[in-house]
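# Coordinates in review
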Amino acid sequence: MEIVDTVIVGAGVVGLAVARALSADRSVIILEQEDRIGTHLSSRNSEVVHAGLYYPPGSLKSQLCLAGNEALYRYCEETGVPFRQCGKLLVAQQGQEQQLHQLQHNATAAGALPLQLLARAEWQRQEPWLRASEVLLSPHSGIIDSHALLARLNWDAERNGAMLTLRHRVENITCESNHFTLSVIDSDSQHFHLGCQQLILAAGLFTTRLLENASGFPSRRIPEQRQARGNYFSLLGRSPTQKLIYPMPESHGLGVHLTVDLAGQARFGPDVEWIDNDLPPDYAVNADRKLRFLEAIREYWPDVNPGQLQPSYAGIRPKLYSGGKPVTDFLIQDEEQHGLAGMINLLGIESPGLTAALAIADEVRNRLA
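The following refers to the structure shown. Quantities reported herein were computed from a predicted structural model and do not represent experimental measurements. (Residues numbered from 1 in each chain as written. Predicted model: local features only at pLDDT ≥ 70, side-chain atom pairs only at ≥ 80, totals over all residues. Heavy atoms only, no water.)

The next thing to look at is helix α3 (residues 97-110). Relative to the 20 Å expected for 14 residues at 1.5 Å per residue, α3 spans 20 Å between its end C-alpha atoms, a close match to the ideal helical length. For α3, the complete set of buried residues consists of Glu97, Leu100, Leu103, Asn106, Ala107 and Ala110. Packing partners of the buried residues in α3 comprise α2 (60-79), β5 (88-92) and β7 (134-138). Of the residues flanking the end of α3, it is Gly111, one or two places downstream, whose phi is positive at about 95 degrees. (Helix = DSSP H or I, 4+ residues; strand = E, 2+ residues; numbered from the N terminus. Expected span 1.5 Å × (residues − 1). Buried < 20%, exposed > 50% of the residue type's maximum accessible area, 1.4 Å probe, protein only. Contact = heavy atoms within 4.5 Å.)

Following this line, the structure appears as structure tokens:
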């Protein structure tokens, strides 16, 4: 049995960021069950760089999003990963003004960079198509090429000596403090065992299932995971804006927002569609939800042309529950939570996981230290 210092399960943006951070001073192997990196959450999102506006002050989401925003912009500038700090407009309709003000207060309390309340004449001049009662500008929000980011993080990790192994699926794990044995099926459908002193589970939708098959891991520390599919629809033709347009947040999500990619193409989503927990995930876009999309979009863009809206892609987000109640924060388990030295589990890493990836990697490194 081969033994290495550290094994990371999952080659999404968080797993690769962790590999980059750890591989400078230890041997690292990244196990990825798919045939390419970033297959699931990392490549099926809005590609937005969040500014830390929505999350409760002091929460992991708040702290890691704020640190990650700064680190990610700096990393992109240093490495050439394409991005654009285009800004986000947070839009309140009649009767939602108090909700908008509360969001502004929350962002300030969390330490986010200041939001700007725009005068009506200003935003109407910039975005004459937009319907709103009040509008806040978040100038530090932006967009990024998530695929280029994945490739660069992987390049950095491999330059440090990390080894990425695609089409390697972990079947079960035997856990002891600072000693973990993984049963793995490789790309040739052969079984082998891999040992490590440190184990990082960054497998996204699959992390809870790995824990359920981990001998020696306390089952009471495994949260319930439900799955929410987020459908996206794209706009045929020219986008009405080059900014991000976000309505007020709703239950389980940030509302059907308008984002643009680096080519200027507009897309809408995600919505929240609860689905069965069956794996592998079903990424088929539910085209029947187009009417709901139109209703949501018309709140802030009354003149949207229904014929220009077409199904695009879908992503699936892990939603954690404990005792029947939603866990709304990131869940990062270390020895203090589960009693196993050397093991860190990254659970419920949905939005703003892309923004927070570099900060999550620093958090993992610090906890291991």
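Here we come to the sheet that holds strand β3 (residues 48-49). With antiparallel pairing, three strands are arranged side by side in an open sheet as β3-β8-β4. Of all strands in the sheet, those bounded by a partner on one side alone are β3 and β4 (83-84). Judged from the two bridges that link them, β3 and strand β8 (residues 142-144) form a sheet pairing that is antiparallel. Within β8, the position partnered with Val49 by the bridge is Gly142. (Pairing = 2+ DSSP bridges.)

Attention shifts here to helix α5 (residues 146-159). Compared with the 20 Å implied by 1.5 Å per residue over 14 residues, the 20 Å span of α5 between its first and last C-alpha is a close match. Turning to α5, its buried residues number three or more, namely Ser146, Leu149, Leu150, Leu153, Asn154, Asp156 and Ala157. For α5, the arc enclosing every buried residue in end-on projection is 160 degrees, short of the 170-degree limit, so these residues lie on one face. On its buried face, α5 is in contact with α1 (13-22), α2, β8, β9 (163-165) and α9 (353-368). Two or three places before His147, at the start of α5, stands the capping residue Asp145, its side-chain oxygen 3.1 Å from that residue's backbone nitrogen. Looking one or two residues past α5, Gly161 carries a phi angle of roughly 110 degrees, positive in sign. (Arc of directions from axis to C-beta. Polar contact = N/O pair within 3.5 Å; in protein donor to acceptor, adjacent residues only side chain to side chain.)

Before going further, it helps to spend a moment on the pattern of salt bridges. In total, this model carries 17 salt bridges according to the counting rule given. Where Glu350 meets Lys61, a salt bridge forms, and the shortest distance between an N and an O atom there is 3.9 Å. Here Lys61 lies in helix α2 and Glu350 lies in the loop between β22 (343-347) and α9, a separation of 289 residues in the sequence. Taken individually, Glu350 and Lys61 each receive the classification buried, so the pair is uniform in this respect. Taking the shortest distance from any N to any O, the salt bridge between Asp156 and Arg152 comes out at 3.2 Å. Within this pair, Asp156 and its partner Arg152 are both found in helix α5, separated by four residues, close to a single helical turn. The buried category is assigned to Asp156, whose relative accessible area is 4%. The class of Arg152 is partly exposed, set by a relative accessible area of 23%. (Salt bridge = Lys/Arg side-chain N within 4 Å of Asp/Glu carboxyl O.)

To continue, consider the packing of aromatic side chains. Evaluation of the coordinates by the stated rule reveals six aromatic pairs. When the ring of Tyr73 is compared with that of Phe83, the centres are 5.5 Å apart and the planes differ by 50 degrees; the resulting orientation is tilted. Note that Tyr73 is positioned in helix α2 and Phe83 in strand β4, a separation of ten residues in sequence. Judged by relative accessible area, Phe83 falls into the partly exposed class, the value being 26%. Every member of this aromatic cluster is reached through a ring pair, and the members are Trp129, Phe268 and Trp301. Positioned above the aromatic ring of Tyr283, the side-chain terminus of Arg44 is 4.0 Å from the ring centre. Cation over ring: Lys88 sits above Tyr246, and NZ or CZ is 4.0 Å from the ring centre. (Phe/Tyr/Trp six-rings, centres within 6.5 Å; stacked < 30°, edge-to-face > 60°. Lys NZ or Arg CZ within 6 Å of the ring centre and 35° of its normal.)

Another aspect to go through is the pairing of strand β17 (residues 266-269). Taking every second residue as pointing to the same face, both faces of β17 are buried, with Ala266 and Phe268 on one and Arg267 and Gly269 on the other. Two strands pair when backbone bridges link them, and strand β14 (residues 224-235) and β17 are joined in this way by two bridges, in the antiparallel orientation. Across the sheet, Ser234 pairs through a bridge with Arg267, a residue of β17. Examined bridge by bridge, strand β16 (residues 257-260) and β17 share four bridges and lie antiparallel to one another. Within β17, the position partnered with Thr259 by the bridge is Arg267.

So, about unusual backbone geometry. Residue Pro270 is bonded to the preceding Gly269 through a cis peptide linkage, with omega at 0 degrees. As for its placement among the helices and strands, Pro270 is situated in the loop between β17 and β18 (273-275). Of note, the amide linkage connecting Ser351 to Pro352 takes the cis form, showing an omega dihedral of 10 degrees. Here Pro352 is to be found in the loop between β22 and α9. Look at Arg167: it is not a glycine, yet its phi comes out positive at around 55 degrees. Within the secondary structure layout, Arg167 lies in the loop between β9 and β10 (169-176). For Ser189, which is not glycine, the phi dihedral falls at a positive 65 degrees. For Ser189, a relative accessible area of 54% corresponds to the exposed category.

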